[in-house]
Amino acid sequence: MKNYVWKYSWILLLAAVIPAAAQQKDNSSDSWTVIRAGSLIDGKSAAPRHDQVIVIHGNRIESVRDAAAAKIPAGAAVVDLSKATLLPGLIDSHTHIFLQGEDPAQGGYDANILNAPLALRAARATVSTRRALEQGFTTLRDVETEGAGYGDVGIKEAIEQGYIPGPRLFVATRAISTTGGYSLEGYAPELDMPKGAQIIDGPVEARKAAREQLDHGADWIKVYMTHRSWVGKNGELVSQPTLTLEELRAVVDETHGWGKKVACHVYGGIGLRRALDGGCDSIEHGLDLDDAAIAQMLKQGTWYVPTISVYYGDWAPADTPAGQRDRLRASLHEQSFKKALKGGVKIVFGTDMGGIPWTQPIAQEFPRMVDLGMQPMDAIQSATSRAAVMLDMEGKIGVVAPGAFADIIAVNGDPLRDIKVLENVQFVMKDGKVFKSEKP
Ligand SMILES: [Zn+2]
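All values reported here derive from a predicted model rather than from experimental measurement.

**Thoughts on unusual backbone geometry**
Between Ser183 and Leu184 the backbone carries a cis peptide bond, its omega angle lying at 5°. Despite not being glycine, Thr307 has its phi angle at roughly 50°, a positive value. Within the secondary structure, Thr307 sits in the loop between β15 (303–305) and α10 (321–343). The class for Thr307 is buried, based on a relative accessible area of 0%.

Here's what the structure looks like:
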């Protein structure tokens, strides 16, 4: 009995130290909020609707109706956004919260792994996730930690437990590549250098790496199917392939068995053919898609996350081999994007933030897509309902509709006329809780 009392008081003590943020979650579960929307782009419908009322119960959307037909629950908090355009919380399906657009002058990518304590990297990642949320990105698919191990699983838990603000995270943990297929590189061969991805050789190691990562909390598995790239002797882009077909198939088979999907970083050539033959679920970057690749993606239902913006930063000088490669990559990428768009490939919004400093606007990718011929509504859906389908979250995120999580943002102006207004998000709600509110 004495033992029982001691245990019980210990539980009370624990309850007393739960942080305020975690307690708030419970208090709001039965609250009602009503948002008046001047214009609503719901993430799925072909056209916006005007003068809508969104009723939110706890963290879910209860109803979306014309203002004239809406019923306001007694005691509901009312948010008047009748001069703004509302959209679902945005989804960036290709980020790296553990990268900060490392400046080569300050040691670049390598210094991040060689010099930064893991706690420093975690603190920076915490800021990255807050940056994403304040820009209206309420969900990220974060495609590997670049040497920070399973840190993304920890950040995700901290967000879910209410310790830090941040988007919903779908995390890929360590990623997989092969010997000779990832940084750090260029050091004396006698040194056993750490790598930014988990290195495997052979299908047995490949499957084991996937198992380890899935076991430790990976929501997606990320595979590097090409690594170095350069301009070939006929002026073409050559990309070094990494995993063999057998290695990739082991990863895909294992991952699909767990009900999860495989995202493949790939540029073109041999690596691209292996990526598609091996059953990658999403092609990341896909700089150099030929007609055969487009046809195979359509046949297999492969997603395409192009990440255009990141290939326009930091070009090497034009008269150097690296500079020529950088320019060739951007021009091929444009052609690939246009071909995929025309062919009807499922294009999903992704930026490679982290490769781009988090101080820059995430929404800069929207005008890139629109400039290359994508309709603004299509670009918005690539970052909302279409991304939700890829993430197996259809109807739960990426849409403002009954039953969905109350992830809602607002901007001034009409993004269908000027897509750049998405760089200026005024209001952010995630899970029914207001994170940011700058009334117009
Ligand atoms: Zn990336």
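**Concerning the pattern of salt bridges**
What the rule picks out here adds up to 17 salt bridges. Measuring nitrogen to oxygen at the nearest pair gives 2.9 Å for the salt bridge that ties Arg131 to Glu134. With Arg131 and Glu134 both in helix α4 (residues 118–134), this residue pair falls 3 residues apart, about one helical turn. Across the pair Arg207 and Glu254 runs a salt bridge, and its minimum N-O distance is 2.9 Å. In this pair, Arg207 sits in helix α6 (residues 203–215) while Glu254 sits in helix α7 (residues 245–257), placing the two residues 47 residues apart along the sequence.

**Some remarks on the confidence of the model for the chain**
In the predicted model, the chain carries a mean pLDDT of 93, and the fraction of residues at 70 or more is 93%. Across the chain, the secondary-structure element scoring lowest on mean pLDDT is helix α1 (residues 2–16), at 38, and the one scoring highest is α7, at 99. Confidence drops under pLDDT 50 across residues 1–27; counting only partners more than four residues distant or on other chains, this segment forms 10 contacts.

**A look at the layout of surface pockets**
The volume enclosed by the largest pocket comes to roughly 1,300 Å³. Surrounding the largest pocket, 40 residues form its lining, Tyr109, Tyr267, Val310, Arg329 and Gly355 being those nearest its centre. The class makeup of the residues in the lining of the largest pocket is 12 nonpolar, 16 polar and 12 charged.

**With respect to the nonpolar core**
One finds Val223, Val251, Ile283 and Phe366 to be the most contacted residues of the largest nonpolar core, which totals 76 residues. Residue contacts for Ile283: discarding those within four places in its chain leaves Cys264, Val266, Leu272, Ala275, Leu276, Met297, Thr302, Trp303, Tyr304 and Val305. Core analysis: the second largest hydrophobic core is formed by 19 residues, Ile54, Val400, Phe427 and Met429 among them.

**Points about the state of the cysteines**
Applying the stated criterion across every chain, the model contains 1 disulfide. Through a disulfide, Cys264 is tied to Cys280; the S-S separation comes to 2.0 Å. The sign of the S-S torsion, about -75°, decides the handedness of the disulfide formed by Cys264 and Cys280: left-handed. Separated by 16 residues along the polypeptide, Cys264 in strand β13 (residues 261–266) and Cys280 in the loop between α8 (269–277) and β14 (282–285) bring together distant segments of the chain.

Definitions and cut-offs
Residues numbered from 1 in each chain as written. Predicted model: local features only at pLDDT ≥ 70, side-chain atom pairs only at ≥ 80, totals over all residues. Heavy atoms only, no water. Helix = DSSP H or I, 4+ residues; strand = E, 2+ residues; numbered from the N terminus. Buried < 20%, exposed > 50% of the residue type's maximum accessible area, 1.4 Å probe, protein only. Salt bridge = Lys/Arg side-chain N within 4 Å of Asp/Glu carboxyl O. pLDDT = per-residue confidence, 0-100. Contact = heavy atoms within 4.5 Å. 1 Å grid on protein atoms, 1.4 Å probe; cavity = no way out; pocket = protein on both sides within 12 Å on 5 of 7 lines; lining within 4 Å. Points joined across faces, edges and corners; volume = space filled by probe spheres on them. Nonpolar A, V, L, I, M, F, W, Y, C, P; charged D, E, K, R; others polar. Core = buried A, V, L, I, M, F, W, Y, C linked by side-chain atoms within 4.5 Å. Disulfide = S-S within 2.5 Å.

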